[in-house]
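Okay, here's what each chain looks like letter by letter:
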Amino acid sequence: MSEQLLDTPARHSFSLSGLVDRMWQSAREGAFQVAWSPVAKLAEAGVISVLQNVTEGHLRVITPSTTYSFPVAPNDSTQGLEAEIRVLSDVFWIRLATMNDLGFAEAYMFGEVDCDDLVSTFMLFLRNRERLQGLDSRLSYLSTLPQKLTSMRFLNTLGNARSNISAHYDISNKMFAGFLSEDMTYSCAIFKDLDGDIERPLLTNIPSHMLKAKNGLLTPAPTPTNEPDTGETDALHEAQLRKLDHIIRCARLAPGQRVLEIGSGWGALAVRIATRFPGTRVDTITLSVHQQALARARVAAAGADVAARVTIHLLDYRAMPPAWKGAFDRVVSVEMVEAVGREYLEEYWRVIDWALKTDVGVGVVQGITIPEARFERYVGEIDFIQKWVIFPGGFLPTLTLLIQTLTAGSKGRLVVDSVSNIGPHYARTLREWRRRFLENFTDVIEPTLREEYPDVMAGEKGRREIEVFKRKWICAFHCYCEVGFTTRSLGDHIITFTREGNESFSCSVFE
């Protein structure tokens, strides 16, 4: 599982399984780097034999000595989608042969293979997925087996949960500000024009000098454009506010209500609720020390009235004070359920049921999901997202599993009112983040990492770590996931639920 390289506020404690995992990783990497020529050649031959099954699109694989082209005999189905990869190290073949898609992603992260268009490359592999099953060998299963066995140490117990969250969200507030919009919302947006950024230029580039301090807080300024200034604002910022307002509409929020938010982020939804609804009080909980600090500052910057009605707690959802039982009119939770873990989904819903008022309570949960048809394979493997990107302990449920555990955890007291999927909007959200990430990496993100982690990011080793960090985020978060949402191999569902007999909850099906 993901190595917690950076010294974030809450680190995982020593464990025997963690030691075994690190020893296995070290031994495996050592073996890969040797890249004994006969083994590499054997791996190359095996991979090439499987790639000959490519029938959709056109793939070119360039090595120092050979250029391969797939399919060998082009046909009508090869038109349109093209991808080219350049093999820079023979280690690539060994990784791909022993770890299939995880191996390809790791090889890219470590600079052993390169390509100009990762999205097209992942799309081509996805379209040929059924024909490339030969890469899923027994060897690939055995190579990841130790990680599967040792991943149990990341279970989201009360003792582990804060360390799991910290490993991702406590990297650096400034780093996240380098690619998020000014609202600092770190979840799927809802765009007025789903693919407008592909059809025409949008407001997407944020040079470092545009990172301004608003009310003393570091936040990206509205994105500039090459077009004449027409008063237009940042498309991503508008889309994020549209999503927050959609969550609010789903919950049918009203002035004077008390709201519980599970997963504070950097306070965007809590501030939006308190700003729009007079008298509404929001208790929002997080396990990230860095998020809590910046969210508190952003709440204070929103004004005295908002600050008096929003409280940000450093608190696990399973450790809420007894006084919160049945105290909330509404519960909202945006892309936090992925951090719960499969073992604790029923407990998550039980706590929501416990916190909601027993007669008129309403909740809205947004979460990234995986299709039911892919679920069994997903839970049986360690992919690039699980290992390197999502915080340790992360787990993507299916929509079916979410609804089943909602019913079981609440003992039927929570009734699903509506379900929608905004997953296709995540593809554009990720493209917007990627543009900002690349635009600001040299001037904002890299200096931030060097400043906050001097022991890790200094010297020649530091330059290597920074390049690996950059390529990891580009590969996984911004390209790998973009293809997943574009093809609906990933979803992002919003579930609205209430109590049986809640006559006060309106039904507006055309909103």
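Residues numbered from 1 in each chain as written. Predicted model: local features only at pLDDT ≥ 70, side-chain atom pairs only at ≥ 80, totals over all residues. Heavy atoms only, no water.

## Let's talk about the sheet that holds strand E4 (residues 113-115)
Turning to step 1, where the next piece is worked out: Here four strands make up an open sheet; going across it, the order is E2-E1-E3-E4 and the pairing mixed. The open sheet has two free edges, formed respectively by strand E2 (67-70) and E4, since each of these has just one partner strand. Direction aside, the axes of adjacent strands within the sheet are offset by 20° on average.
Turning to step 2, where the next piece is worked out: Packed on one face of the sheet, helix H3 (residues 91-109) meets strand E1 (58-62), strand E3 (82-87) and E4 and runs near 50° to E4. (Pairing = 2+ DSSP bridges. Helix = DSSP H or I, 4+ residues; strand = E, 2+ residues; numbered from the N terminus. Axes fitted to C-alpha atoms, helices over the stretch in contact; angles between N-to-C directions. Contact = heavy atoms within 4.5 Å.)

## Some points on the packing of aromatic side chains
Turning to step 1, where the next piece is worked out: This model, assessed by the stated rule, comprises 27 aromatic pairs.
Turning to step 2, where the next piece is worked out: On the basis of an interplanar angle of 10° and a centroid distance of 6.2 Å, the ring pair of Phe437 and Trp473 is categorised as stacked. In this pair, Phe437 is assigned in helix H17 (residues 423-452) and Trp473 in helix H19 (residues 459-486), connecting sequence segments 36 residues apart.
Turning to step 3, where the next piece is worked out: In this arrangement the basic side chain of Arg318 is found over the ring face of Tyr344, its NZ or CZ atom lying 4.9 Å from the centre. (Phe/Tyr/Trp six-rings, centres within 6.5 Å; stacked < 30°, edge-to-face > 60°. Lys NZ or Arg CZ within 6 Å of the ring centre and 35° of its normal.)

## Quick notes on the sheet that holds strand E7 (residues 258-262)
Turning to step 1, where the next piece is worked out: Spatially, seven strands are ordered E9-E8-E7-E10-E11-E13-E12 in an open sheet, and the strand pairing comes out mixed. Unpaired on one side and paired on the other, strand E9 (310-314) and strand E12 (414-421) mark the two borders of the sheet. Going across the sheet, the axis of each strand differs from the next one's by a mean of 20°, ignoring polarity.
Turning to step 2, where the next piece is worked out: Where E7 and strand E8 (residues 281-286) come together, five bridges link them in parallel fashion. Along E8, the bridge assignment pairs Ile262 with Ile285.
Turning to step 3, where the next piece is worked out: Along the sheet, helix H11 (residues 289-301) makes contact with E8 and E9, crossing E9 at roughly 170°.

## Let's talk about the pairing of E8
Turning to step 1, where the next piece is worked out: In terms of burial, E8 is a largely internal element, five of the six residues being buried.
Turning to step 2, where the next piece is worked out: In terms of handedness, the path from E7 via helix H10 (residues 268-276) over to E8 forms a crossover that is right-handed.
Turning to step 3, where the next piece is worked out: Sheet topology note: the E8/E9 ladder contains five bridges and is parallel. Bridge pairing in E9 links Thr284 to Ile312. (Buried < 20%, exposed > 50% of the residue type's maximum accessible area, 1.4 Å probe, protein only. Right-handed = clockwise from strand over helix to strand, strands pointing away.)

## Comments concerning the packing of helix H13 (residues 345-355) against helix H16 (residues 399-409)
Turning to step 1, where the next piece is worked out: Packing of H13 against H16 leaves a shortest axis separation of 8 Å and a crossing angle of 55°. Taken as axis vectors, H13 and H16 run oblique relative to one another. Crossing of H13 against H16: the hand is right-handed. Every residue of H16 that contacts H13 at Leu345, Glu346, Trp349 and Arg350 is listed here: Leu401, Leu402, Thr405, Leu406, Ala408 and Gly409. (Parallel < 35°, antiparallel > 145°, perpendicular 65-115°, else oblique. Left-handed = near helix turned anticlockwise from the far one by under 90°.)

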